[in-house]
Amino acid sequence: MGAEIFKSFAYFTVKDRLPQILTKVIDTLHRHKNEFFEEHGEKGVEAEKRAISFLSKLRNELQTDKPVTPLEDELPDAALWNQYLDYQRNLANESGELSWFQSPWLFVECYMYRRIQAALAQNPPIENFDVFKEGKAQNFFESQEAVIALCTYFQELLKNIKDLDEKQLQQELFKLLQVSLWGNKCDLSFSAGEDSSQKSSPLQSLENLLPYIVVNDMEKIWSLFLKAKKRNTEKSNVRVDIVLDNAGFELVSDFVLADFLLSSKLADEVHFHGKSIPWYVSDTTKHDFNWTVKQLQSANHMWMSRCGINWEGNLKKGVWVYHDHMFWTLPHDFSSMAGVAPDLYADLQKSNLIFFKGDLNYRKLTGDRKWEYTVPFHQALNKFHPAPLCSLRTLKSDTQVGLKPGQGEEIQASEPDWMVSGKYGIVQIDAAL
C-alpha cells in the first residue's frame, strides 16, 4: 500500500502525520539545547544544530515528494537498508526512482524513523539521545490510575492463584489477554505524539469491548497452552515470546500477562523482544523496558512496587529475558526473516507461542497488502511460521485477514473508518505447524 492512492489512510499518514512527527522531533531537540550544552559544551550545541538541519531537510524532502535516497551513515544495518531500497526501486516504475508518495507506505514510514536515527547517529556527542523518551515517560505517568488498578487486580489474583480451577484460570487468562490487547490503543505514532494515555482501568470495560474483537481465538490459545503443558516433560520448558509494541501502559499490561503465565504455571519462561533504536514514537526500547520496571519498583503504591520487585526478580532469575535485534527496525516483511535474520528466526523457533503486539507487527506479518478480508491468516503470513503465533492488535491500518464472509463489509457499511480508528481488535492465531 502506497501513499499515491489519494485520500487513503496511507496518504494522510505520509502527507500530515509524518511531517507532524518530524516537527515534534525538531522541537524536542531545540528544547534540550541547554541540556546538551551542560553535558557536552559547545560540541553538544553544534551537534544539535547539525541534527536539526538534517531533520529539516528530511521534512522538506518528504513534503515535496523528493526521491528516497540511500542511507549514508555507518550504522550496522545501513547496507541492508540500501539493498532493500534497490529492491523497491527495481519493483517501481521504469525510471527506477522511488519518491515519498510513490513508495509503499510501510517502507517510507520505517525509512523516516531510520533517518531520524541517522540524524543523531551522525552527530556525536548526542548520538544516544532518544527523541521520543519524554513522550513515552509522560504516557506512563498519565496512565498511573490504570496502572495502579491493573497492579492491584493482579496482586489480589496472585493471592489465590493456586486455588483456581481450570475454568477460573482460563477466565483470568482471557481477561489479561484482553487487557494486553486494548492496552495497544496507547500508540503515540498514531496520534502523532499527542496524549494517548490510558486514563481508566480497562478491566471495567472488557465486557463492553468484547463485541469489538472481530477475530477472537482465545479458546485456541488456551488449548495450545494445555497441549504444551501435557507435551512438555520436566526437562523442557514452555517458552512464550512477546514481540513488544508500545511503552507506557501497554508494556505494563504485557508484563502482567507475562507474570500471570509464569505464576499460573502455563509457561516457564517469557522472552520479550523490543526495538534496538527509538521507533514509531512510542515503541519499547531496552531503556524503556528497564525504566518501567524501576518506576514500578520505586512507586509509593504497595501493589505497583510489589509488581516491580517481582519483575526485577524474574529478570534476575532469567525466567524473563529481554532481547532486541536489528531486524525489528528494518523495513522487511517477516516472511523474509529466515533469509535476512536467520539467527532471530532460529531463536523464535524455540518458542511454544509468540505474541505479536500491535498494528505495525501485523502489517509486517501480512506484507501490508490490501488483502480480501476472508483470506486465511496462514496464507497472508507467506510461509512465516517459526512457531505458533498470535496477533494481539487494535486496528489502525487498512489490512485485515481471516474474517468470516460478509463480516468486514457489514462493519464497513456502518463505520467506514473502522479499520483505522483503533476501536476494533483481534486476537488472531496461526497455530498450524
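Q: What is the right way to read empty space enclosed by the protein from this model?
A: A probe matching the size of a water molecule, rolled over the atoms, marks out where space remains unfilled. A complete count under the given rule lists two cavities of 30 Å³ or more for this structure. By volume, the second largest cavity is sized at about 40 Å³. Of the residues in the lining of the second largest cavity, the class split is two nonpolar, four polar and three charged.

Q: Could you clarify how one ought to interpret helix α8 (residues 166–182) in this entry?
A: Residue pairs spaced three or four apart in an α-helix point in one direction, given the helix's 3.6 residues per turn. Over its 17 residues, α8 extends 25 Å from the first C-alpha to the last, a length consistent with the 24 Å expected when each residue adds 1.5 Å. Those residues of α8 lying buried are Leu169, Gln170, Glu172, Leu173, Phe174, Leu176, Leu177, Gln178, Val179, Ser180, Leu181 and Trp182.

Q: I would appreciate a short explanation of the sheet that holds strand β3 (residues 269–274) in the present structure.
A: Remark on secondary structure: sheet strands pair via backbone hydrogen bonds, oriented parallel or antiparallel. With mixed pairing, seven strands are arranged side by side in an open sheet as β1-β7-β6-β5-β2-β3-β4. Unpaired on one side and paired on the other, β1 (213–216) and β4 (320–324) mark the two borders of the sheet. For this sheet, the mean inter-axis angle between neighbouring strands, taken without regard to orientation, is 15°. Note: strand β5 (residues 353–357) against strand β6 (residues 389–394), four bridges, orientation parallel. Note on β6: the bridge partner recorded for Lys357 is Leu392.

Q: Can you help me understand the nonpolar core in this one?
A: Where a protein is soluble and globular, its nonpolar side chains tend to be buried together. One finds Leu29 and Met112 to be the most contacted residues of the largest nonpolar core, which totals 77 residues. In terms of residue count, the dominant contributor to this core is helix α5 (residues 105–121) (eleven residues). In this structure, Leu29 is in contact with Phe36, Glu48, Ala51, Ile52, Leu55, Leu120, Ile126, Phe129 and Val131, ignoring residues within four places of it in sequence. The next biggest cluster of nonpolar side chains, apart from the first, holds 61 residues, and it includes Leu173, Phe225, Leu257 and Val270.

Analysis parameters
Residues numbered from 1 in each chain as written. Predicted model: local features only at pLDDT ≥ 70, side-chain atom pairs only at ≥ 80, totals over all residues. Heavy atoms only, no water. 1 Å grid on protein atoms, 1.4 Å probe; cavity = no way out; pocket = protein on both sides within 12 Å on 5 of 7 lines; lining within 4 Å. Points joined across faces, edges and corners; volume = space filled by probe spheres on them. Nonpolar A, V, L, I, M, F, W, Y, C, P; charged D, E, K, R; others polar. Helix = DSSP H or I, 4+ residues; strand = E, 2+ residues; numbered from the N terminus. Expected span 1.5 Å × (residues − 1). Buried < 20%, exposed > 50% of the residue type's maximum accessible area, 1.4 Å probe, protein only. Pairing = 2+ DSSP bridges. Axes fitted to C-alpha atoms, helices over the stretch in contact; angles between N-to-C directions. Core = buried A, V, L, I, M, F, W, Y, C linked by side-chain atoms within 4.5 Å. Contact = heavy atoms within 4.5 Å.

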